[in-house]
Amino acid sequence: MSIDTDTARRVAKLARIKVEEDALPALAQEFNAILGFIEQLEEVDVDGIEPMTSVTPQRLKRREDVVTDGNQQEAVLKNAPDAREGFFAVPKVVE
Amino acid sequence: MTDLNKLTIADARDALKKGDVNSVELTQACIDAIDASGALNAFVHKTPEIALEQAAAADARGYADAPALNGIPLGIKDLFCTKGVDSQAASGILKGFKPEYESTVTTKLFDNGAVMLGKLNMDEFAMGSSNESSAYGPAVNPWKVDDRNLTPGGSSGGSAAAVAADLCLGATGTDTGGSIRQPAAFTGTVGIKPTYGRCSRWGIIAYASSLDQAGPMTKTVRDSAIMLSAMAGHDMKDSTSADLAVPDFEAALTGDIKGKVIGIPREYRLDGLNEEITKLWDEGAEMLRAAGAEVRDVSLPHSKYALPAYYVIASAEASSNLARYDGVRFGERAPLGAGDGINEMYEKTRAAGFGPETQRRIMVGTYVLSAGFYDAYYNRARKVRTLIKRDFENVFADGVDAILAPATPTPAFGIGEVSDANPVEMYLNDVFTVTLNLAGLPGIAVPTGMSSNGLPLGLQLIGRPWEEADLLNIAHSVEHSAGFVAKPQKWW
């Protein structure tokens, strides 16, 4: 499996990370080095093996379905780069 | 008393109890040491006001019937959210982030009377083995053999450097693939990654949630036992934290390991393994044998596949966990051009805020989870993970109590020496440590010797799940037999 510039561009887009056009070939090469390393996994016989979902064989704890928190608008917005009138502000999304 | 910052946690606790010293004096000694340690770049956000306030409170509380860490000054890895104090995971994208809440582990430490000296350097989002991937610049190892600055390892490099240089009595670390044990080994300190679920992950900035665990980094095994008892325990806010009683780990340090069965995994004897590491490992086995343990060869046949499986799983989880850094709710938003919409905001913010290694792992994770590759990469890696865990289960079922292995393939290397061109080369640092994270097991690094050029070397012990008490006791025995007492010469 070899990653070309188009795939690198697509992955960067999916990850929402801006990569300049002239940086894509080097990125593709890095992916190829890492994926080449990962491809060793193809040697392993995994027939009939379940993929691990939880490393400790325990049932996750459940809690009462009740409100335990809230009314912290100020704290929630405190670290926002742009908060106005009690909301997170972002660039225009809909025309 | 002079050089109070050089005390171990256990000795400081005893001195505080006897009234030979108070926490304000002890804390001030650490603050002075930190202020003179700029060249190490270990403490990246200092909190002397908080520290002195907490120290005064500890002194006011008194030391009769005091909690375990009353008045003990500690450093906190930048990955832990600390209320009102910068917590940016060494990332540009979280610049200026001051959490409105406190992580469970730091809350527990403070409830136990601990004093926070500040936040410690690390690799960005805990992704790295040399502390070079940090928005603060690299932390520097206090150990030196020539003009070069050496890495303290990573990702908990600042924690390891700070403990080794006596800037604090102990520090918190986190370990996703070796991030506590590798830096401990590089700096002649002790670090334990407990069983997955032993410490709550709540309020620790997430890298790979199924692998991340917090643990202590200290000068001695006893200090790790004391700190771990304070950090561990069930937390309703982390559904993967185990609802199990936390033992008094210090009480388990009897030094008696007669009859314990120690496994030596033959697959860890890599072709071309550093001769000094091989020798150290053999000597460690001999120490355990001399202390009355039975040492036998064991096999962990899938070890070779741990690193590639790790890079698939950790990158996949990172791509998901780090999706939250979007320039909307916290941290920095990149400057936008006229007409830029929300997608440009995401893409520019993430390109400017994340460093190269973080970007790489997010994108590798995105790729292995993308349609068409999910089965070939992600599901296959999770199946291999099942096999790796089964290897350990088989060894433990045969009566093995703990496994002895090297902690790192080499001693500390120079900053900038492992090439950036091939990221895989850096990943190989974790070859002995990463298997445990995949299997959820506890592991501890203990300094047991020196390289020929005068750098500390550490061994690793791997225990059964939830049996950190037994593991610490075996480590305590090795520590005692090795008698490692060397300290770095102060140059900073």
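Once a new chain begins, its residue numbering starts again from 1 and follows that chain's sequence as written. For naming, the first written chain is A and the first written ligand is 1, with later ones following in the order written. The predicted origin of the model limits local features to residues at a pLDDT of at least 70 and limits the giving and counting of side-chain atom pairs to 80 or more, whereas totals for whole chains, interfaces and linings rest on all residues.

Enquirer: Any chance you could explain the overall build of chain B here in plain terms?
Expert: Helix and strand definitions here come from DSSP, where helices need a minimum of 4 consecutive H or I residues and strands a minimum of 2 consecutive E residues; each element is numbered from the N-terminal end. Secondary structure summary: chain B contains 15 helices and 11 strands in total. Using C-alpha atoms as the atom set, the radius of gyration is obtained and then compared with a globule rule of 2.2 Å times the number of residues to the power 0.38. At 21 Å, chain B has a C-alpha radius of gyration in line with the 23 Å of a compact globule built from 492 residues. Dimensions of chain B, computed from the C-alpha atoms along their principal axes, are close to 70 × 55 × 50 Å. Labels follow a simple rule on C-beta atoms placed from the backbone: if 20 or more others lie within 10 Å of a residue's own, it is buried; if 12 or fewer, it is exposed; otherwise it is partly exposed. Per-residue burial over chain B gives 62% buried out of 492 residues.

Enquirer: Explain helix α8 (residues 275-290) of chain B here, please?
Expert: Side chains of residues three or four places apart in an α-helix project in the same direction, reflecting 3.6 residues per turn. All names here are of chain B. Between its terminal C-alpha atoms α8 stretches 22 Å, which fits the 22 Å expected from 16 residues at 1.5 Å a residue. Of the residues making up α8, those classed as buried are I277, L280, W281, G284, M287 and L288. Here the buried residues of α8 occupy an arc of 120° about the axis, which is enough to place them on one side. Opposite the buried face of α8, at more than 90 degrees from it, the exposed residues are E275, K279, D282, E286, R289 and A290. C-beta atoms are placed from the backbone for every residue, and two residues are taken to be in contact when these atoms lie within 7 Å. As for α8, its buried residues are in contact with β7 (261-265), β8 (294-298), β9 (402-406), β10 (443-450), β11 (456-463) and α15 (468-482). Just downstream of α8 lies G292, where phi reads positive at about 105°. Expected span of a helix: the number of residues minus one, times 1.5 Å. Here the arc refers to the directions that run from the helix axis out to each C-beta atom.

Enquirer: What am I meant to see in the nonpolar core here?
Expert: Side chains that are nonpolar tend, in soluble globular proteins, to be buried together. When buried Ala, Val, Leu, Ile, Met, Phe, Trp, Tyr and Cys residues are joined through C-beta atoms within 7 Å, the set is termed a nonpolar core. If you look at the biggest cluster of nonpolar residues, it comprises 165 residues, and the most contacted ones within it are L74, L117, A162, A309 and V312 of chain B. Top contributing element to this core by residue count: helix α9 (residues 306-321) of chain B, with 10 residues. Apart from residues no more than four positions distant in its own chain, V312 of chain B is found in contact with I38 of chain A together with V368, Y377, Y378 and A381 of chain B.

Enquirer: Could you clarify how one ought to interpret the UniProt feature "active site" (unreviewed entry) in chain B in this entry?
Expert: All names here are of chain B. UniProt positions are given in the numbering used here, feature names are shortened, and annotations may be inferred rather than shown by experiment. Under the feature "active site" (unreviewed entry), the UniProt entry names K77, S155 and S179. In terms of the greatest pairwise C-alpha distance, the residues named above, spread along 103 residues, form a tight cluster of at most 11.3 Å across. With near-sequence residues (within four places) excluded, K77 lies in contact with L120, M122, S156, S159, A171, T172, G173 and T174. Structurally, the position occupied by S155 is in the loop between β3 (115-120) and α5 (157-164). What makes S155 buried here is the crowd of 36 C-beta atoms within 10 Å.

Enquirer: Would you take a moment to explain the environment of N394 of chain B for this structure?
Expert: Residues and elements named next belong to chain B. One can find N394 in helix α12 (residues 374-397). You can call N394 partly exposed: it has 14 C-beta atoms within 10 Å. Sequence separation between N394 and K304 is 90 residues, and the spatial gap between their C-alpha atoms is 17 Å.

Enquirer: Quick question: what am I supposed to make of unusual backbone geometry here?
Expert: One can expect most non-glycine residues to show negative phi and most peptide bonds to be in trans. Residue S155 of chain B is reached from G154 of chain B by a cis peptide bond, and omega for that bond is 5°. Positive phi, close to 55°, is recorded for N71 of chain A, a residue that is not glycine. If you trace the backbone, N71 of chain A turns up in the loop between α2 (24-38) and α3 (73-77). Although it is not a glycine, F125 of chain B sits at a positive phi angle of roughly 50°. When you line up the elements, F125 of chain B lands in the loop between β3 and α5. For F125 of chain B, a count of 30 C-beta atoms within 10 Å translates into the label buried.

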